[in-house]
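What the coordinates show
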Amino acid sequence: MLNLWFRPVLIGAVYLLAWYGLDVASQQFATSPEVTVWYPAVGLDVVLLLVFGLRFWPLLILSRLVHTFFVVDTLPFWPLLGYIVMTVAATVAAAYMLLRSLHIDPRLPRLRDAALFVTVAMLGAPLVMSALQVFNLTVAGLLPASKGLTLTLQLWAGSATGVGLLAPPLLLWLGRWPGLWSSAPAQAPTFPPETRPRSEVWPWARDAAVAAVLVVAAVWAGYGGPRGTTLNYSYALFIPVLWIATRHGFAPAAVCVLALNVGVALLTGGQIAETSGLALQFGLVTVTVSGLLLGAVIRERQHLSARLAYLALHDPLTGLGNRRLFGERVARALEASPAPNSLAVLLMDFDNFKAINDSLGHSAGDQVLILTGQRLQAGVRPGDTVARLGGDEFAVLLQHLPGSQHASEAADRLLRALEPTISVQGLELQVRASLGIALYDDPGGDLEGGTPLDGGTLLRNADVALYHAKAHSRGRAQVFDAAMHREVLDRLELETELRAAIGSGALEVHYQPVVDLGSGHLRGFEALVRWPHPTRGLLSPEAFIPLAEDTGLIVPLDRWTLRTAAHEAATWPALPGRTALGLGVNLTAAQMHLPGLVAEVRGVLGSSGLAPERLTLELTENVLMNDRTTTLDTMRALHELGVGLALDDFGTGYSSLSYLRQFPISDLKVDRSFIADLDGGHTSTALVRAVAELGQALGLTTVAEGIETPQQYAQVRALGFTLAQGFYISPPLDAAAARALAQQSGPLVDTVLLPVSEAES
């Protein structure tokens, strides 16, 4: 309870004593009763309310009573009451407007805060207060009405100068003790007060000495030195104000304004009573306002420059360093010629970040990035650097490592730091990441042995290791080695060659025959792309299709395959009494989800002349899993076009009877792995028989892929499959061979090599 009372009482006592001292001192510069050139006591009122709160307004009444009874001649009751009410109301209203309506930060950290303070507290409130005070004294007969305007301007200029010279330095000084403030905003200023490192003490002392010399010289030239009767050197005061404000900003400018006012007061104290002092007052108001506003503008510019410099080297979302800062730190570390394996670059990105962004939105993704950055920063040593390079990619620079194993230990520690769930939008998210490690283990040169290792090479090596970790086993750290680099170079070379091959039409379409199990006759072909590579030989799809899918080349590749195969199939002859040969073309997920797929298929059929019922597009179960609504709409449109739709590799993905019920599927192709296991026992045979019976029950054409032996052929025929394909029947053929085969009228398979009973056994 004692502390509860002690603080307000102490604040009140200090305020009243300081107010009384300033009030007595200002009377030495009075030009008439109640009018003085400087009245800094009003500045104390503003500081009291802005710093300690509006609840201290009763102290303003006490200070006016002290002024009336102890400093100047006592006023009659009614003029005294009017004086107290008007001056206190004007000051409290100004403080209320600044804090509650305009919401300024009283510590004046921004240009807006300083400008509003000057406008309201320094210029506006003193003008209202002065006008009311002169009106009050005039009505009471204590001042002649003829002098009302002059006295109002004098009183306003004195009060405005007093607020301007005293309040800003005090507010800035008290800002060093946030615990004192009760009315200031809870958050810290946008930019903290300027501080200088110890290494800059001498420049600071030098600038302070120059500023002091300029202030003394300006005051002496303006008001103390020998002046002619027609020359006025008072404008010399602007020289130190302009120099200090433009060079050092707001706080030094505020101190300069205070010093100039004090210096002028000391030199002109004896001359004030001889003249009205109005010109002097207006000059000081101008200098004070100019110094404060110019200093605030320059500080804002300095802060903006500092902010831009910060953003140039830091990520605005996480506050971590960006790619540029990370590159500079790595380059600086390499300049110190570190020992082998004492420096490492770690590169990390999420394994599931796209799913988080797509499902919860980018705001949730941003929150995950922020929290991840904090965990990574907390998981490294003080001297290490953590940076966000972009997207969900983070980099870490480890220096002064005792050995190479410590880089792996640090990587494992960072991955463990990400294991606890992250709470976002009420959900507990598990963030998984992979990490690549590049060690500075070859100071003499890079992998090619040509140039020394640099930051770019280390980052590239870490990226290669990261790619290797994600490709082979996600959620782990991988240390870079030379074999990975060769693998990546080989992949890049293959990608370039594949892009050129697609553009020049250097690929080939081969056609694997599909036969009717009942008659052995040819029913059609499946189009399979091949790449006759100039140095690697004839490449099967397994050698380049995954690469095409990863790089986006699968879309132009699929388009080329469909167009080429359709034009070739249109040339196959229709033998008398036989159904026209069909064509099966694989459709990947990338092509399936293209907006213009149906129109593209329609265009290919129209340009090639191939009948829609002869074309079957083959999709895997994984294609059906992605965006089921859009996939279903596309498949229905293709079905209405007359094109057949086959479910390829049935049984290897997310096999579900709902697919067969929902999607307009016409063919069911059983994966070759089930056919290969037919000799493995009754279980495999039962599974294949179940698929055949399922197709018969749903009215689907069942196709057995991968028939390698006559026994397999006999078995799938006995189990009730409709069609078959495989190397036993024929390997994939080039276009000319397929065209020749299409002209044969006899069956490709004449007899069933095993009895039905043996096939079923």
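In the block above lies the structure referred to throughout.
The sections below set out a description of the structure shown in this document. (Residues numbered from 1 in each chain as written. Predicted model: local features only at pLDDT ≥ 70, side-chain atom pairs only at ≥ 80, totals over all residues. Heavy atoms only, no water.)

1. Regarding the packing of helix α8 (residues 238–248) against helix α9 (residues 250–268)
The interhelical angle for the contact between α8 and α9, taken along N-to-C directions, is 160°, at an axis separation of 7 Å. Looking at the two axes, α8 sits roughly antiparallel to α9. For the pair α8 and α9, the sense of crossing is right-handed. Residues Pro-240, Val-241, Ile-244, Ala-245 and His-248 of α8 form the contact with α9, whose participating residues are Phe-250, Pro-252, Ala-253, Cys-256 and Leu-260. (Axes fitted to C-alpha atoms, helices over the stretch in contact; angles between N-to-C directions. Helix = DSSP H or I, 4+ residues; strand = E, 2+ residues; numbered from the N terminus. Parallel < 35°, antiparallel > 145°, perpendicular 65-115°, else oblique. Left-handed = near helix turned anticlockwise from the far one by under 90°. Contact = heavy atoms within 4.5 Å.)

2. What to know about the sheet that holds strand β8 (residues 433–439)
Taken together, the 5 strands give an open sheet; going across it, the order is β4-β5-β3-β8-β9, and neighbouring strands pair in mixed fashion. Only two strands of the sheet have a single partner each, and these edge strands are β4 (385–390) and β9 (477–479). Direction aside, neighbouring strands of the sheet carry axes that sit 20° apart on average. Note that β4 and strand β5 (residues 393–398) share 5 bridges and pair antiparallel. Bridge assignment links Thr-385 to a residue of β5, and that residue is Leu-397. Where helix α11 (residues 323–335) meets the sheet, it contacts β3 (344–350), β4 and β5, and its direction lies at approximately 20° from that of β5. (Pairing = 2+ DSSP bridges.)

3. Some remarks on α11
Here α11 is 13 residues long and its end C-alpha atoms lie 18 Å apart, about the 18 Å a rise of 1.5 Å per residue gives. Inspection of α11 places Leu-325, Phe-326, Val-330, Ala-333 and Leu-334 among the buried residues, and these make up the whole buried set. Of the surrounding secondary structure, the elements contacted by the buried residues of α11 are α10 (278–313), β3, β4, β5 and α15 (455–472). Where α11 begins, the capping side chain belongs to Asn-322, and its oxygen is found 3.2 Å from the backbone nitrogen of Arg-324. Once α11 ends, the next one or two residues include Ser-337, with phi positive near 50°. (Expected span 1.5 Å × (residues − 1). Buried < 20%, exposed > 50% of the residue type's maximum accessible area, 1.4 Å probe, protein only. Polar contact = N/O pair within 3.5 Å; in protein donor to acceptor, adjacent residues only side chain to side chain.)

4. Things to note about the packing of aromatic side chains
Under the counting rule described, the total for this entry stands at 12 aromatic pairs. Judged by centre distance (5.0 Å) and plane angle (75°), the rings of Trp-173 and Trp-177 are edge-to-face. Residue Trp-173 is classed as partly exposed on the basis of its relative accessible area, which comes to 48%. Their ring planes at 55° and their centres at 6.2 Å tell us that Phe-350 and Phe-394 sit as a pair that is tilted. Taken as a pair, Phe-350 in strand β3 and Phe-394 in strand β5 lie far apart in primary sequence, 44 residues in all. Both residues of the pair, Phe-350 and Phe-394, count as buried. Grouped by ring-pair contacts, the aromatic residues Phe-350, Phe-353 and Phe-394 constitute a single cluster. (Phe/Tyr/Trp six-rings, centres within 6.5 Å; stacked < 30°, edge-to-face > 60°.)

5. Section: the side chain of Asn-352
Among the structural elements, Asn-352 can be located in the loop between β3 and α12 (353–360). With residues up to four places along the chain from it excluded, the contact list for Asn-352 reads Gln-430, Val-431 and Arg-432.

6. Considering the nonpolar core
In this structure, Trp-38, Phe-117 and Leu-237 are the most contacted members of the largest nonpolar core, which totals 81 residues. Examining the composition of this core, we find that 12 residues originate from one element, helix α6 (residues 148–174), more than from any other. Residues in contact with Phe-117, not counting those within four places in the same chain, are Val-46, Leu-50, Leu-98, Leu-108, Met-122, Val-163, Ala-167, Pro-168 and Leu-171. Counting 76 residues, the second largest nonpolar core, distinct from the first, contains Phe-544, Val-598, Val-601 and Val-623. (Core = buried A, V, L, I, M, F, W, Y, C linked by side-chain atoms within 4.5 Å.)

7. Considering unusual backbone geometry
With a phi close to 55°, His-103 is a non-glycine residue in the positive phi region. By the secondary structure assignment, His-103 is in the loop between α4 (77–101) and α5 (111–139). Overall, the relative accessible area of 54% leaves His-103 in the exposed class. Positive phi outside glycine occurs at Asn-341, with the angle close to 65°. As for its placement among the helices and strands, Asn-341 is situated in the loop between α11 and β3.

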